[in-house]
Amino acid sequence: MAKHGAKLELLGVEKSYGHVAALHPTDLVVEVGEFFSLIGPSGSGKTTLLGAVAGFTQPSAGRIEMDGRNIAMMPPYLRNIGMVFQNYALFPHMSVFDNVAFPLRLRKVPAADIQQKVDRMLATVRLPDVAQRRPSQLSGGQQQRIALARAAVYDPRILLMDEPLGALDKNLREEMQFEIKAFHRQIDATILYVTHDQDEATAMSDRIAIMNGGRIVQCGAPRDLYEHPRNAFAASFLGSANLFDVVGNSPAGPGAVKVRLANGTELNAVTGASVAAPGVAQVVCVRPETIQIGPAGTLASGGDANLLQGRVTDAIYTAGTFRYQVDVGAKSLVSVKLPSIRQTSMLECDQPVTLVWPASATLLIPKD
Ligand SMILES: Nc1ncnc2c1ncn2[C@@H]1O[C@H](COP(=O)(O)OP(=O)(O)O)[C@@H](O)[C@H]1O
Ligand SMILES: [Mg+2]
C-alpha cells in the first residue's frame, strides 16, 4: 500500500467548450494525505475539475502538478491516480475478483502478487468472501465497496471520487461515509471527493472548496466555511442562513458596524470574512441556531445584542430540533433553529415571540 499520498496542485487550470467556460482559471492545492471535497450545485464545474486531474478531460490551459511534476499532458493510466464513479462502473460480466484485479493486469503485475493484493483489498473493504460473485449478486453498498477496492488496489497516491454515494439511500450513505473515512485512514492516499451533499462534505473532509459557475467561491475547513462565509452564496450553500439585504452601514468600533436593512430595521453586526468592493451589494448573514427565541417579553437584549419582536408563522419538529419561521414585519421572515431539549414545549403558530442574538453572529458580507 502507498506510504502516503501525493500533493496535488492546480495552477490556472481552465476548460472551455466552445464559448462555455466549464471551469474558469482555477488554482487549488490539496495537501499530502488530505481528504478534500468539492461541493457546489449541478453544473458548477466539479466533474470538469476532477476530469482534468484524472486526465479524462484535456484542460484548455494551466498546469496540474503531482508532487511538483506537471502531469497535464500525461495519459490517465500513467498518472497513478485512482477513480471511483457514482454508478460504480464495475464490469458486469466479470467476477468481483477479476474486477479488482483488472487494474493490476493492465499494469502487468505478476499473478502471485495479484492474488495477494486483491485478497488484501477485499479484506480492507470488509468483503473477503465475495471474490467469485458477479457484481449483480451484490447490494449497492457492496458494489460501491468493490469499486473502492478496484480504484485503490494498485496503490494510487491520489484517489478521485465523483459523487460515489449518490446512488445510495440516506442510511446506507451515512454508513458508507464512515466506511470511506476508515478506508482513507488505511490506504493513506490523498483524496479529492466530489459531492453536492453539504452534510456529507462537512462530515468527511479536512477542507472543502465551494464551487459555483465554474469557479471556487471559497475554500477552507468545514467549520471555517460555516462560521466565516465570504459571500451570500457560500453562506446559503453550506448550511442554512438568514440573509438580509443591507442598504446602509456605519462603523461602530473595531470590527463592529451598525447596519440598516432594506426593511428599515437597524442591527448591530460585525464585518465578515470579506469586505464588499465599493458598489457591490451587501447582506447580513445570521445562522438560524444562533438566535434565541421565547414568548414575547421573556427575553431581553444585553450589550450590543439584537432584539426583534415577531410572530411565529411556522413551527416544526425534526429529530431533536425545533425549527421556526418568524414574521418580524416589513415582509421579513427569520428562520430559527434550536435543540428541543432547550425548550419545555414547542411555540405555537401565531404566538408573539421575541428573538435575541449576538452582534458577533450578525455577519456583514458581500452579496456576490
Ligand atoms: N462535454 C461537454 N460539452 C459541453 N459542455 C460541457 C461538457 N461537459 C460539461 N459541460 C458543461 O460544463 C459545465 C460544468 O459541468 P460539470 O463539470 O459536469 O458540473 P458538475 O459536475 O459540477 O455538475 C456545465 O455547464 C456543463 O453543461
Ligand atoms: Mg458532476
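Here, every reference points to the structure presented above.
Since we're looking at a predicted model, the values are computed, not measured. Sequence order sets the numbering: in each chain, residues are counted from 1 along the sequence as written. For this description, chains carry letters from A and ligands carry numbers from 1, given in the order in which they are written. Thresholds applied to this predicted model are a pLDDT of at least 70 for local features of residues and 80 or more for the giving and counting of side-chain atom pairs; totals over whole chains, interfaces and linings are not thresholded and use all residues. To obtain the side-chain values, all non-hydrogen atoms of the structure were used and water was disregarded.

Remarks on the pattern of salt bridges
Here's step 1: Take a side-chain nitrogen of Lys or Arg and a carboxyl oxygen of Asp or Glu: if they are within 4 Å of each other, that pair is a salt bridge. Counted according to the given criterion, the structure contains 12 salt bridges.
Here's step 2: Taking the shortest distance from any N to any O, the salt bridge between Asp-155 and Lys-117 comes out at 3.9 Å. Of this pair, Asp-155 sits in the loop between helix 4 (140–152) and strand 7 (158–162) while Lys-117 is found in helix 3 (residues 111–124), placing the two residues 38 residues apart along the sequence.
Here's step 3: Through salt bridges with shared partners, a single ionic network connects Arg-126, Arg-145 and Glu-179. Under the DSSP-based scheme used, a helix requires at least four consecutive residues in state H or I and a strand at least two consecutive residues in state E, with every element numbered from the N terminus.

Focus on the packing of helix 2 (residues 96–106) against helix 4
Here's step 1: Axis definition: a line fit to C-alpha positions, over the contact stretch in the case of helices; interaxial angles, taken between N-to-C directions, run 0 to 180 degrees. Close contact between helix 2 and helix 4 brings their axes to 7 Å; oriented N to C, the two are set at 30°. For the element pair helix 2 / helix 4, the angle class is roughly parallel. Here helix 2 runs over helix 4; the crossing is right-handed. Each of Val-96, Asn-99, Val-100 and Pro-103 in helix 2 lies in contact with helix 4, whose residues at this interface are Ile-146, Ala-149 and Arg-150.
Here's step 2: Looking at side-chain class alone, the contact of helix 2 with helix 4 contains 5 nonpolar, 1 polar and 1 charged residues. Roughly parallel here means an angle under 35 degrees, roughly antiparallel means over 145, roughly perpendicular means 65 to 115, and every remaining angle is called oblique. Handedness of a crossing follows from how the near helix is turned relative to the far one, being left-handed for an anticlockwise turn of less than a right angle and right-handed for a clockwise one. In this description, contact between two residues means that some pair of their heavy atoms is separated by no more than 4.5 Å. By the convention adopted, Pro, Cys, Tyr, Trp, Phe, Met, Ile, Leu, Val and Ala count as nonpolar, Lys, Arg, Asp and Glu as charged, and the other residues, Gly among them, as polar.

Thoughts on the sheet that holds strand 20 (residues 363–366)
Here's step 1: Ordered by their spatial adjacency, 5 strands build a closed barrel running 11-12-13-20-14, and the pairing between neighbours is mixed. Pairs of neighbouring strands in the sheet enclose a mean axial angle of 55°, with direction left out of account.
Here's step 2: By the bridge criterion, 5 bridges tie strand 11 (residues 242–251) to strand 14 (residues 282–286) in an arrangement that is antiparallel. Paired with Leu-243 across the strands is Cys-285, a residue of strand 14. Pairing between two strands requires that DSSP report at least two bridges joining them.

Keep in mind these numbers describe shape, not what the thing actually does.
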